[in-house]
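So you can see what is in the structure, the chains are spelled out below.
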Amino acid sequence: MKGALILLDQLNGRQAAALVKDGQLQDLLMEVDQPGPGTIYRAEVDRPIKGQGGVFLNTPDGSAFLRHIKGLAPKQMLLVQVTGYAEPGKALPVTSKLLFKSRYVIVTPTAPGLNISRSIRDEDRRDMLLQLIRDTIDPLPYGIILRSSCVDADPKDIAEDANSVVKLAKQVLEDDGQHPALLLDADTAHEQAWRDWSIPAQIETDDGCFAAHGVLDQIEALSAPDIAIKDGSFSIEQTRAFVAVDVNTGKDSSPAAGLKANIAMARDLPRQLRLRGLGGQIVIDPAPMPKKDRRQLETIFRAALRSDTVETNFVGWTTLGLIELQRARSRAPLSRLDDK
């Protein structure tokens, strides 16, 4: 099927959402039995970790780790938000800089001011949006970012969304409880799809729509490490320390074979990592190519990463000629789909 398609269904009895473009699976959201990014706790300070610049916290869902915080006392209560999925056996990663994200706005209590996504370039539209928020919420109690989805949205919908998120933020921030508690659950898979997939698309919510559009077959294929690309193949394998990516040229033996395979990998790797829910340290063993081609590959790689919805940092090249990436763990790993 041509065009964009948003499918809201279930996998193993849990909510799941799929974004399909021209028949190819582009994004996958699913629920697992673990607190997801966006969850907000009232947490209790447990103990500092010397040499790591952080503290452990107690939450209703277990231990959490907060980095780069000074001046906290044991038993002190503070509000924190989960930033990613914890690795097995590790504490939840959290931050004290809370964000309240919705379809049209992001409320930023620690960063005051009214800002608009740079992707909205029409000056008249930008002026209208700024005035809309000022007329709707006066005075602004917190910082607000107007997301790119505001570019052609109904002003009434934007105003209602902004009001709703500001009220939610006020309710959470004014909490004065004295014991660890869950204050705000992360969005469900279907709620996150509504929040983040604002592109024009056909939406289907019927049970079994994944199977009807071939999504289940594409999800099953993600369990295999090998991915075929136009100019060769690459494999993705997860270890306890990092995610390893190996690129091969296949039957092509031309001088440019390595560069072509590496470029094809760079363009598809963000999608493959996103669908598999993989993050952390990514180490890539590219196909052999001259050093003079590294700059071209890096330019293409950085462009592909910028267009990805998951924050990823191109760290650079190692002395062995490997590529290192650092990627946020903002998606549930596909391997946990069967967790009970």
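Residues numbered from 1 in each chain as written. Predicted model: local features only at pLDDT ≥ 70, side-chain atom pairs only at ≥ 80, totals over all residues. Heavy atoms only, no water.

Undergrad: What am I meant to see in the overall build of the chain here?
TA: Counting secondary structure elements, the chain contains seven helices and 20 strands. Taking 2.2 N^0.38 as the reference for a compact globule, 340 residues should give roughly 20 Å; the C-alpha atoms of the chain span a radius of gyration of 22 Å, in line with that estimate. Counting the 340 residues in the chain, one finds 46% classified as buried. Intrachain contacts of the chain at a sequence separation of at least 6 include 65% that bridge at least 24 residues. Surface accessibility of the chain: about 18,200 Å² in total, with carbon and sulfur atoms responsible for 48%. Side chains of the chain give 42 positive and 46 negative charges; the mean places of these two sets differ by 7 Å. (Helix = DSSP H or I, 4+ residues; strand = E, 2+ residues; numbered from the N terminus. Rg over C-alpha atoms; globule rule 2.2 N^0.38 Å. Buried < 20%, exposed > 50% of the residue type's maximum accessible area, 1.4 Å probe, protein only. Contact = heavy atoms within 4.5 Å. Areas by Shrake-Rupley, 256 points an atom, 1.4 Å probe, with all protein chains shown as cover. Lys, Arg positive; Asp, Glu negative; His and termini not counted. Charge placed at Lys NZ, Arg CZ, Asp CG, Glu CD.)

Undergrad: Sorry, what's going on with a negative patch on the surface here?
TA: A contiguous patch of negative charge, built from Asp122, Glu123, Asp124 and Asp127, is present on the exposed surface. Relative to the assigned elements, aspartate 127 resides in helix H1 (residues 123–136). Judged by its relative accessible area of 47%, aspartate 127 falls in the partly exposed class. (Patch = residues over 30% accessible without salt bridge, like charges linked within 9 Å, V, L, I, M, F, W, Y side chains within 5 Å. Salt bridge = Lys/Arg side-chain N within 4 Å of Asp/Glu carboxyl O.)

Undergrad: I tried to follow the packing of aromatic side chains on my own but got confused; where do I start?
TA: How two aromatic rings sit relative to each other is set out by the distance from centre to centre and by the angle between their planes. All chains considered together, the criterion is met by two aromatic pairs. Arranged with centres 5.7 Å apart and planes meeting at 70 degrees, the rings of phenylalanine 301 and phenylalanine 314 form a pair that is edge-to-face. One end of the pair, phenylalanine 301, is in helix H7 (residues 294–306); the other, phenylalanine 314, is in strand S19 (residues 312–317), with 13 residues separating them in the sequence. The pair phenylalanine 301 / phenylalanine 314 is uniform in exposure class, with both members buried. (Phe/Tyr/Trp six-rings, centres within 6.5 Å; stacked < 30°, edge-to-face > 60°.)

Undergrad: Any chance you could explain unusual backbone geometry here in plain terms?
TA: Most peptide bonds take the trans configuration, and most residues that are not glycine carry a negative phi. Proline 139 follows aspartate 138 through a cis peptide bond whose omega is 0 degrees. Turning to its location among the elements, proline 139 is positioned in the loop between H1 and strand S12 (143–146). Positive phi is not limited to glycine here, since aspartate 22 has a value of about 50 degrees. Note on placement: aspartate 22 falls in the loop between strand S2 (14–21) and strand S3 (24–30). A positive phi angle, near 75 degrees, is found at lysine 75, a position not held by glycine. With respect to the helices and strands, the residue lysine 75 is situated in the loop between strand S6 (62–67) and strand S7 (77–82). Looking at lysine 75, the relative accessible area reads 61%, which means it is exposed.

Undergrad: I would appreciate a short explanation of the sheet that holds strand S9 (residues 100–101) in the present structure.
TA: In any sheet, the strands associate via hydrogen bonds between backbone groups, in a parallel or an antiparallel arrangement. One open sheet holds the four strands; their spatial order is S9-S10-S12-S11, and the pairing between them is mixed. For this open sheet the edge positions go to S9 and strand S11 (114–116), each flanked by a neighbour on one side alone. Here S11 pairs with S12 via three bridges, running parallel. Across the sheet, the residue bridging to isoleucine 116 is leucine 146, located in S12. Across the sheet, helix H2 (residues 155–173) touches S9, strand S10 (105–108) and S12, and the angle it forms with S10 is around 30 degrees. (Pairing = 2+ DSSP bridges. Axes fitted to C-alpha atoms, helices over the stretch in contact; angles between N-to-C directions.)

Undergrad: Where do I start with the pattern of salt bridges in this structure?
TA: It is possible for side chains bearing opposite charge to pair when their charged atoms get close. Summed over the entire model, instances satisfying the criterion amount to 15 salt bridges. With a shortest N-O distance of 3.0 Å, aspartate 33 and arginine 14 are connected by a salt bridge. In this pair, aspartate 33 is assigned in the loop between S3 and strand S4 (40–49) and arginine 14 in strand S2, connecting sequence segments 19 residues apart. With relative accessibility at 56%, the residue aspartate 33 sits in the exposed group.

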